[in-house]
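One-letter residues, chain by chain:
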Amino acid sequence: MNMGCLNATTLSCLKLATTFAFPSQPSSFHNLPFIRRAVKPLSAALQTSPATSPSTTKDHDQASRPQWKAAIDFKWIKDNKEAVAANIRNRNSDADLELVLQLYDNFFNLQKEVERVRGERNAVANKMKGKMEQSERQRLIEEGKNLKEGLIALEEDLLKLNDKLQQEAQRIPNMTHPDVPIGGEDSSTTRKLVGSAPEFSFPVKDHLELGKELDLFDFDTAAEVSGSKFYYLKNDAVLLEMALVNWTLSEVMKRGFTPLTTPELVRSSVVEKCGFQPRGNNTQVYSIEDSDQCLIGTAEIPVGGLHMDSILAETLLPLKYAAFSHCFRTEAGAAGSATRGLYRVHQFSKVEMFIFCRPEESEYYHEELIKIEEDMFSSLGLHFKTLDMASEDLGAPAYRKFDVEAWMPGLERFGEISSASNCTDYQSRRLGIRFRPSEAPVASPKKSKGNLAPPQFVHTLNATACAVPRMIICLLENHQQEDGSILIPEPLRPFMGGRSVISRKS
Amino acid sequence: MKMGCLNGTTLSCLKLATTVTPTFAFPSQPSSFHNLPFLRRTIKFKPLSSALQTSPATSPSTTKDHDQASRPQWKAAIDFKWIKDNKEAVASNIRIRNSDADLELVLQLYDSFFNLQKEVERVRGERNAVANKMKGKMEQSERQRLIEEGKNLKEGLIALEEDLLKLNDKLQQEAQRIPNMTHPDVPIGGEDSSTTRKLVGSAPEFSFPVKDHLELGKELDLFDFDTAAEVSGSKFYYLKNDAVLLEMALLNWTLSEVMKRGFTPLTTPELVRSSVVEKCGFQPRGNNTQVYSIEDSDQCLIGTAEIPVGGLHMDSILAETLLPLKYVAFSHCFRTEAGAAGSATRGLYRVHQFSKVEMFIFCRPEESEYYHEELIKIEEDMFSSLGLHFKTLDMASEDLGAPAYRKFDVEAWMPGLDRFGEISSASNCTDYQSRRLGIRFRPSEAPVASPKKSKGNLAPPQFVHTLNATACAVPRMIICLLENYQQEDGSILVPEPLRPFMGGRSVISRKS
């Protein structure tokens, strides 16, 4: 769910700096020619960093010793550098591919050097086991000591190089589905159009006016108690929120999703691993004082974290969750007219769908998620369009993103009410979520570890089932009656005690 | 709702340091205050510096708090005259509550303040007199002398006014620590002195080994604490499967039950300005604070909806006809649980984040005791209808927390824990919070035999009384329901009232 991406802002921007894990790389990596000569000095590699934007530099300074590693497939990037470069261009990303490849080569070579020196040191240690003259032994001890010191220095360099490599590589956005339109907001294409704008025989009111007459909200007092863009819901608006959440959960559960409620405070590293940037300029994320914890902007984060650092049995996949949580967003940098009333708020309730699946199935489940959303919005009688978001509007984790924009008569335009992203393995490589394929060993009744296929990264998808404030806007504005009352859509009535109208309290 | 007060901890501790501007809300004070003899001579009040030095040895945290809050942001409308006139009762109250408020210092500061204020008024008077004199005709030397005198008076006035401001700050800071008075029926003493008002039901008997909620939850795949500890930290959790449905059912049912009784439903902000937290009687920045603060901001996370609901009418004068105002608020609550250690922390019993439905009443002073009884009755009715075995306690004086005049806690039997555990709390805060939040009402008494309303005939505004009570704290309710309704096969019977809210289901069992 990328509600902040109406103007492609920072909600899904990449966080920098991790250490890398080799073991999961395909073994061909180790077949590169062994380069004996000195590798390019570390300092020169660092100096070739391009002029970075001030915020990026500051971010790097703040995150000097990264806490976690992303399992990035460097070999694949190297083998597909044209495609990766084109993708970076299409997405208007500030990742520096050349630097990454250079750092990677350096790292690879330096690693080889480290191995070589280790080898020499081991050789010396072995030599010393035999009989020899005192002078020879002394010479070997000296050599061993020099090699050890050299090794320590090289290993330090390797660590720093690794950090730098991770930091730069992390900025590389996910690849892009071939059908995604290239360009900015205006290039997004409409996949589907449902319903039509209602016609009113009376002057249309916006949700704030309707809410005022029906005593549904209080923004003014909330501004004093908490600050602007906070609100109280009152009376029937509370019942409407409960009805929306209850109905949405039940609809999504019918389709096989496991219901969840989640922590709303999470460690900032988990936020980063999902592709968000807790400490960047204009961050969307609230941080807790004297703590490494942040408030979540979407349940996508704690749900993604549910299986972090795990290897799942293939038979468990797909795992489908429907999570209900409150969400908190600073909305820093969001100004202008699209901020009135419930349209842009700091805190709201949301039901989020999340799927962990096998790679070959993610496109299928992306279609399933958007279909679920479209079915639900249709049954509420909304007029909406589904957009295939253009490359510059994707946000780093998303391979492909479908946004739904619903007609809001009071605003006289379409407004985003949901977002469905296929993040392929972008998040799982950072969260460390893999599955073990359950293929049977060939003609071998005896299972041995060697015969099991190596674990692979899952694909993850997330989609908004219901973002309550924007749904409230839609329902109030679309279903308003001439007398100022609101007709409740049929599916919600059982969840509102059978009531069919929201009207002025007597 | 004072869930942190099982061991009388800091959830409702008083926050220090506020300002009262010299133009203090005297209008609402009884006018007799102004009848004190006017002291013309130099005030023999203790100099400000020595007044400050007579502060008692304060705990390090108090000193630090004062330093941190050097220029307080808001004023509490404390009735100093009343305190002075009732100093024995106030002193005795401070003792029985084991409070560290320093009454002598407050009275001393108040006298100093009062006298200094008189002095300021006197000097102002003299300066005005000089200004008036200068309007007439006079010789140049006389005029010059008057100008000098006026200048001196002005400078002296500025200095005095600064002192007055500082004295006022100190007075507020100390006076804020004075806890609310105590209902005469409240037992005096610590935890063990609390008395049982009511006992409902009896502990269920089991013909099989009883499991606690964690074990039951594990078998039924209801919670995940381990992953939450990695994602967020200890005392966080995911609810899964039927536990989610149970939470929704509890919330929906509770809201509907309380709405039936005339309460207005609300959802509230969960981030609030720290000043509002303080005005409700909590201490956002003390040691072992229960309150999470937001970085680079004056905002905090709420520990209870009591705070944003109290703030709903802050700095207002309500028409009497509006009272009582009854709200039922659903929110998530966040508590650091700093300082809470030991065995009472397992599983859902003590967590950092939970859902809660809270009742809140604003009413006329003479009605608060009536509504306190109404609130506890609503709670007892709801817990009874869920089939719980529980007792209602009249909390003893040391366990009240500063804002509460009287507090009833409900403790329900938790078979898995093999003891009673607090599931709710109902407090009558009388005017403690309203004096800080600035919530008053204008009595609507008709002027005597006067058809023409004039401002002078309206009664002056008075402070409302506020009450708050837990309608449902979800995690502890879940503990109660799981542990009390467990079946031999590990499934859980859903109490009747909740079944319609769980799609008619009557059992929570292992997923097939």
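Residues numbered from 1 in each chain as written. Chains lettered and ligands numbered in written order. Predicted model: local features only at pLDDT ≥ 70, side-chain atom pairs only at ≥ 80, totals over all residues. Heavy atoms only, no water.

With that settled, consider the overall build of chain B. What chain B contains, in helices and strands, is 14 helices and 17 strands. In chain B, buried positions account for 58% of the 512 residues. In chain B, of all internal contacts separated by at least 6 residues, the share reaching a separation of at least 24 is 77%. Accessible surface, chain B: about 21100 Å² in total, of which carbon and sulfur atoms supply 51%. (Helix = DSSP H or I, 4+ residues; strand = E, 2+ residues; numbered from the N terminus. Buried < 20%, exposed > 50% of the residue type's maximum accessible area, 1.4 Å probe, protein only. Contact = heavy atoms within 4.5 Å. Areas by Shrake-Rupley, 256 points an atom, 1.4 Å probe, with all protein chains shown as cover.)

Below, the discussion takes up the overall build of chain A. Helices and strands together make up the secondary structure of chain A, namely 14 helices and 17 strands. Relative to its 506 residues, chain A shows a buried fraction of 57%. Put simply, chain A shows about 20800 Å² of open surface, and 50% of that area lies on carbon and sulfur atoms.

Further remarks concern the sheet that holds strand β12 (residues 413-422) of chain A. Ordered in space as β1(A)-β10(A)-β11(A)-β12(A)-β15(A)-β9(A)-β8(A)-β4(A)-β3(B)-β2(B), the ten strands form an open sheet in which the pairing is mixed. Of all the strands in the sheet, the pair left with one neighbour each is β1 (189-194) of chain A together with β2 (223-224) of chain B. For strand β11 (residues 400-408) of chain A and β12 of chain A, the ladder comprises nine bridges, and the chain directions are antiparallel. What sits directly across from R400 of chain A, in β12 of chain A, is N422 of chain A. Most of the contacts of helix α9 (residues 236-254) of chain A go to strand β9 (residues 347-357) of chain A, to which it runs at about 5°, and overall it touches β4 (258-261), β8 (319-328), β9 and β15 (459-467) of chain A. (Pairing = 2+ DSSP bridges. Axes fitted to C-alpha atoms, helices over the stretch in contact; angles between N-to-C directions.)

Every contact between the two is made by 48 residues of chain A and, on the other side, 48 residues of chain B. Contact between chain A and chain B buries roughly 4400 Å² in total, counting both sides, with carbon and sulfur atoms accounting for 61%. Counting across the interface, chain A meets chain B through zero salt bridges. The interface formed by chain A and chain B contains 25 residue pairs in polar contact (both at pLDDT 80 or more). Sorting the residues of the side of chain A that touches chain B by element identifies α8 (220-225), β3 (232-234), α9, β4, β5 (265-267), β6 (293-295), α11 (300-305) and β8 of chain A as the ones contributing at least two each. Broken down by element, the side of chain A that touches chain B gets its largest block of residues, seven residues, from α9 of chain A. Tallied by class, residues from the side of chain A that touches chain B come to 27 nonpolar, 13 polar and eight charged. Across two bridges, the pairing between β4 of chain A and strand β3 (residues 238-240) of chain B is antiparallel. Residue pairing across strands places L260 of chain A opposite K240 of chain B, the latter belonging to β3 of chain B. (Buried area = accessible area lost by both parts, 1.4 Å probe. Salt bridge = Lys/Arg side-chain N within 4 Å of Asp/Glu carboxyl O. Polar contact = N/O pair within 3.5 Å; in protein donor to acceptor, adjacent residues only side chain to side chain. Nonpolar A, V, L, I, M, F, W, Y, C, P; charged D, E, K, R; others polar.)

Domain assignment breaks chain B into domain 1 (102-176) and domain 2 (191-508). Between domain 1 of chain B and domain 2 of chain B, the C-alpha centre-to-centre distance is 49 Å. (Domains from an automatic or database assignment.)

Now for the UniProt feature "coiled-coil region" (unreviewed entry) in chain B. Feature annotation in UniProt assigns "coiled-coil region" (unreviewed entry) to the following positions: residues 143-177 of chain B. A distance of 51 Å separates the end C-alpha atoms of residues 143-177 of chain B, which is 94% helix and 0% strand. (UniProt positions renumbered as here; feature names shortened; annotations may be inferred.)

Turning next to the pattern of salt bridges. One pass over the structure, following the stated rule, counts 59 salt bridges over all chains. Between R499 of chain A and D236 of chain A there is a salt bridge, with the nearest N and O atoms lying 2.7 Å from each other. You can see R499 of chain A sitting in the loop between β16 (486-487) and β17 (501-502) and its partner D236 of chain A sitting in helix α9, a full 263 residues away along the chain. The exposure class assigned to R499 of chain A is partly exposed, which follows from its relative accessible area of 30%. The class for D236 of chain A is buried, based on a relative accessible area of 11%. Notably, a salt bridge pairs D79 of chain B with R435 of chain B, separated by 4.0 Å at the nearest N-O pair. Of this pair, D79 of chain B sits in the loop between α2 (60-68) and α3 (80-85) while R435 of chain B sits in helix α13 (residues 432-437), and the two are 356 residues apart along the sequence. The class of R435 of chain B is buried, set by a relative accessible area of 16%.

Next up on the list: the packing of aromatic side chains. The relation between two aromatic rings is expressed through the spacing of the ring centres and the mutual angle of the planes. All names here are of chain A. This model, assessed by the stated rule, comprises 19 aromatic pairs over all chains. A ring pair is formed by Y321 and F356, whose centres lie 6.1 Å apart and whose planes are at 90°; its orientation type is edge-to-face. With Y321 in strand β8 and F356 in strand β9, this pair connects stretches of sequence that are 35 residues apart. Residue classification places F356 among the buried residues on the basis of a relative accessible area of 0%. With 5.1 Å between their ring centres and 80° between their planes, Y364 and Y365 make a pair best called edge-to-face. For Y364, a relative accessible area of 54% gives the class exposed. Note on Y365: relative accessible area 9%, which makes it buried. Put simply, the rings of F217, F219 and Y231 touch in pairs and so form one group of aromatic residues. (Phe/Tyr/Trp six-rings, centres within 6.5 Å; stacked < 30°, edge-to-face > 60°.)

The next subject is the state of the cysteines. Any covalent bond linking the sulfur atoms of two cysteines counts as a disulfide. The full count for this structure, using the stated rule, is zero disulfides over all chains. Sulfur of C423 of chain A: no disulfide; nearest cysteine sulfur belongs to C274 of chain A and is 8.7 Å away. Judged by its relative accessible area of 2%, C423 of chain A falls in the buried class. C280 of chain B carries a free sulfur, and the closest cysteine sulfur to it, the one in C429 of chain B, is 8.7 Å from it. Here C280 of chain B falls in the buried class, since its relative accessible area comes to 1%. (Disulfide = S-S within 2.5 Å.)

Now for the environment of V117 of chain A. Residue and element names in this part refer to chain A. Topologically, V117 is positioned in helix α5 (residues 97-127). Residue V117 is classed as buried on the basis of its relative accessible area, which comes to 7%. For V117, the residues in contact, after removing those within four places along its chain, are L147, L151 and L154.

Turning to the sheet that holds strand β14 (residues 462-463) of chain B, a few remarks are in order. Strand order in the open sheet made by the three strands is β7-β13-β14 (chain B), with mixed pairing throughout. Strands with a single pairing partner mark the edges of an open sheet, and in this sheet they are β7 (316-319) and β14 of chain B.

Turning our eyes to something else, we now look at the packing of α9 of chain A against helix α14 (residues 468-478) of chain A. All names here are of chain A. Interaxial distance between α9 and α14 falls to 10 Å at its minimum, and their mutual angle equals 115°. Relative to α14, α9 is oriented roughly perpendicular. As α9 runs across α14, the sense of the crossing is right-handed. Residues A237, L240, E241, L244 and V245 of α9 touch α14, and the partners they reach there are V468, M471, I472 and L475. (Parallel < 35°, antiparallel > 145°, perpendicular 65-115°, else oblique. Left-handed = near helix turned anticlockwise from the far one by under 90°.)

Burial analysis of β11 of chain A places nine of its nine residues in the buried class, the great majority of the element. Side chains R400, F402, V404, A406 and M408 of chain A project from β11 of chain A onto one buried face, and the interleaved K401, D403, E405 and W407 of chain A project onto a second face that is buried too.

Below, the discussion takes up the packing of α5 of chain A against helix α6 (residues 134-169) of chain A. All names here are of chain A. Packing of α5 against α6 brings their axes to within 9 Å, and their N-to-C directions diverge by 160°. Between α5 and α6, the interaxial angle falls into the category roughly antiparallel. The element α5 and its partner α6 pack so that their crossing is left-handed. Classifying every residue of the contact of α5 with α6 by side-chain character gives 17 nonpolar, four polar and eleven charged.

Residues and elements named next belong to chain B. Considering the arrangement of structural elements, one finds T289 in the loop between α10 (274-279) and β6 (299-301). Within the structure, the side chain of T289 is placed 3.1 Å from the backbone nitrogen of V291, a separation counted as a polar contact. Setting aside its immediate chain neighbours within four residues, T289 contacts Q283, P284, T336 and A338.

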